[in-house]
Amino acid sequence: MNSQQFSRHLVCPWCHKGEVLADTKAKAQVSAQCPKCMKFFIGDLDNLKTERSSACRRQGRRA
């Protein structure tokens, strides 16, 4: 098994306890659900800033 260090930690802006891990710096934003409080947030992998967000309702398949 290849052990890899996750050096980037995005902390939940709601509860400040849950976190999302990333291995490299990138010019991208990710949306995630906190594993502790189950709320959603957006994290910027470039500067490690997080902001509160809400989930979007899925529209389903369009015919």
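Our subject is the structure that appears above.
Residues numbered from 1 in each chain as written. Predicted model: local features only at pLDDT ≥ 70, side-chain atom pairs only at ≥ 80, totals over all residues. Heavy atoms only, no water.

Student: Run through the overall build of the protein, naming residues and quoting values.
Tutor: The helix and strand tally for the protein stands at 0 helices and 5 strands. In the protein, the order of α-helices and β-strands from amino to carboxyl end is β-β-β-β-β. Projected onto its principal axes, the C-alpha positions of the protein cover 45 × 30 × 25 Å. Every one of the 63 residues in the protein was classed for burial, and the buried ones make up 19%. Of the contacts made within the protein by residues no fewer than 6 positions apart, 23% connect residues no fewer than 24 positions apart. (Helix = DSSP H or I, 4+ residues; strand = E, 2+ residues; numbered from the N terminus. Buried < 20%, exposed > 50% of the residue type's maximum accessible area, 1.4 Å probe, protein only. Contact = heavy atoms within 4.5 Å.)

Student: Please set out the sheet that holds strand β5 (residues 50-52) residue by residue, giving values where relevant.
Tutor: In spatial order, the strands read β3-β4-β5; together these 3 strands make up an open sheet with antiparallel pairing. The outermost strands of the open sheet, each flanked by one partner alone, are β3 (29-33) and β5. Strand-to-strand, the axes of this sheet are offset by a mean angle of 25 degrees, without reference to chain direction. Pairing of strand β4 (residues 40-44) with β5, which is carried by 3 bridges, proceeds in the antiparallel orientation. Its bridge partner being in β5, Phe41 is matched across the sheet by Arg52. (Pairing = 2+ DSSP bridges. Axes fitted to C-alpha atoms, helices over the stretch in contact; angles between N-to-C directions.)

Student: Break down the packing of aromatic side chains for me, with residues and values.
Tutor: Working definition: an aromatic ring pair is given by the centre-to-centre distance plus the angle between the planes. Taken as a whole and judged by the stated rule, the model has 0 aromatic pairs. The ring of Trp14 is capped by Arg52, whose NZ or CZ atom sits 4.4 Å from the centre of that ring. (Phe/Tyr/Trp six-rings, centres within 6.5 Å; stacked < 30°, edge-to-face > 60°. Lys NZ or Arg CZ within 6 Å of the ring centre and 35° of its normal.)

Student: So what about the environment of Asp23? Which residues, and what values?
Tutor: Among the secondary structure elements, Asp23 is positioned in the loop between β2 (19-22) and β3. Between the C-alpha atom of Asp23 and that of Ser7, which follows or precedes it by 16 residues, the distance is 5.6 Å.

Student: Outline the nonpolar core, listing residues and values.
Tutor: Note on soluble globular proteins: their nonpolar side chains tend to be buried together. Leu10, Cys12, Ala22, Ala32, Cys34, Phe41 and Leu45 form the largest nonpolar core, which has 7 residues in total. With residues near it in sequence (within four places) discarded, Cys12 still touches Gly18, Cys34, Cys37 and Phe41. (Core = buried A, V, L, I, M, F, W, Y, C linked by side-chain atoms within 4.5 Å.)

Function cannot be read off these values alone, since they describe shape.
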